[in-house]
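In case you want the letters, here they are:
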Amino acid sequence: MGQIKVKGTMQRVAIFDENRIIGHAVRYSTVKEDELVSYVARSSHIPESTLIASTIAIREAIAFFVLNGHHVDLGKFGIFGIRSKQKAAIDEEQVDASLVKHLTVGFKPSARIKRAIADIRIEIEV
Amino acid sequence: MEKGQVNIDYKKRRIAYNNTEMLVGQAIRYTTIPYASVISYAAQAAGVPESSIEISMEALFDAMNYFVLNGHSVKIPNLGTFYLSVRVKSAATKEEFIENFAKDLHQISIRFRPAPALKAKIAATAIKTLVE
């Protein structure tokens, strides 16, 4: 089970035009790939070289499939897919690539992760 | 890696706010590549046995979940950063925030922010529009 801290800070909220307490999840640190690989290698006895080769291969596979219009299912982790935002057109003649305003890669966590999120313990700090 | 191509399909749909019909686009999803196929593709590309990739990814995903669900963000180069985000209603006072927190907590979710290298690949992706 995870545990996070939600910190409330006073910020101006434009819609109310007043200062209000806004909550956000505290981010303790950013775990980099080498730290992640070392952690997994220590706890699982899988060689670091295999872990590094696997992460490189998987991230290349994700980029290749997603940028060619497929969704990529990573089992208990989640699904990657392409997401786009585009303007609507009045008629067929207006439709072209310039209407596409935003193209990005999205991630949808798996049901397993969503269940784990529902069980997270939250500490509040104001 | 080859340059990707994404097809945007435009279909006629009713726009509620002004009650008109317009052509609205959506990125076409060809298929959802199953986990086993991703492992198999990655194993061929890396020259690593499928079993090694599978065991490695299971262990890495468990570790990523552990870190993200405990308030850390995880940065994978050339892919992106995973982090936890909460949506909670704002409050006028500290007391109100603490008292109503359970009621006002709308969502906790894992967010993904693509890395600059992936954004560059996205920017280089060809876009083809189709009209139905």
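Residues numbered from 1 in each chain as written. Chains lettered and ligands numbered in written order. Predicted model: local features only at pLDDT ≥ 70, side-chain atom pairs only at ≥ 80, totals over all residues.

Attention shifts here to the domain arrangement of chain A. Residues and elements named next belong to chain A. The domains assigned to chain A are domain 1 (29–69) and domain 2 (71–119). One C-alpha centre belongs to domain 1, the other to domain 2; they are set 23 Å apart. On the domain 2 side, the residues contacting the four residues of domain 1 number five residues. Residue composition of the side of domain 1 that touches domain 2, by class: three nonpolar, one polar and no charged. (Domains from an automatic or database assignment. Contact = placed C-beta atoms within 7 Å. Nonpolar A, V, L, I, M, F, W, Y, C, P; charged D, E, K, R; others polar.)

With that settled, the discussion passes to unusual backbone geometry. Although it is not a glycine, N19(B) adopts a positive phi angle of roughly 50 degrees. Checked against the element boundaries, N19(B) lands in the loop between β1 (5–15) and β2 (20–27). (Helix = DSSP H or I, 4+ residues; strand = E, 2+ residues; numbered from the N terminus.)

Here we come to the pairing of strand β4 (residues 73–76) of chain B. The two faces of β4(B) differ: V74(B) and I76(B) on one face are buried, but S73(B) and K75(B) on the other face are not. Inspection of the sheet shows strand β3 (residues 30–32) of chain A paired to β4(B) by three bridges, in the parallel sense. Within β4(B), the residue paired with V31(A) across the bridge is V74(B). Note that β4(B) and strand β5 (residues 80–88) of chain B share three bridges and pair antiparallel. Of the residues in β5(B), the one forming a bridge with K75(B) is T81(B). The hairpin formed by β4(B) and β5(B) contains three residues between the paired strands, and N78(B) there has a positive phi angle of roughly 65 degrees. (Buried ≥ 20, exposed ≤ 12 C-beta atoms within 10 Å, placed from the backbone. Pairing = 2+ DSSP bridges.)

On the side of chain A, 79 residues touch chain B, which itself brings 74 residues to the contact. Counting residues per element, the side of chain B that touches chain A draws most heavily on helix α2 (residues 50–68) of chain B, which supplies twelve residues. Of the residues assigned to the side of chain B that touches chain A, the class counts are 51 nonpolar, 19 polar and four charged.

The four strands are arranged β6(A)-β5(A)-β4(A)-β3(B) in an open sheet whose pairing can be described as mixed. Because the sheet does not close on itself, it has two edges, and the strands there are β6 (100–109) of chain A together with β3 (32–33) of chain B. Here strand β4 (residues 71–73) of chain A runs beside strand β5 (residues 78–86) of chain A; their pairing, made up of two bridges, is antiparallel. Counterpart to D73(A) in the pairing with β5(A) is I79(A).

On to the pairing of strand β7 (residues 121–125) of chain A, then. Residue and element names in this part refer to chain A. Among the five residues that make up β7, zero are buried, leaving the element largely open to the surroundings. Judged from the five bridges that link them, strand β1 (residues 3–13) and β7 form a sheet pairing that is parallel. For I4, the partnering residue across the bridge sits in β7 and is I122.

All names here are of chain A. Across the sheet, which stays open at both edges, the three strands sit in the order β2-β1-β7 with mixed pairing between neighbours. Since the sheet does not close on itself, it has two edges, and those belong to β2 (18–25) and β7, each with one partner. Strand-to-strand twist of the sheet, defined as the mean angle between neighbouring strand axes without regard to direction, takes the value 30 degrees. Pairing of β1 with β2, which is carried by eight bridges, proceeds in the antiparallel orientation. Directly across from T9, in β2, lies its bridge partner I22. (Axes fitted to C-alpha atoms, helices over the stretch in contact; angles between N-to-C directions.)

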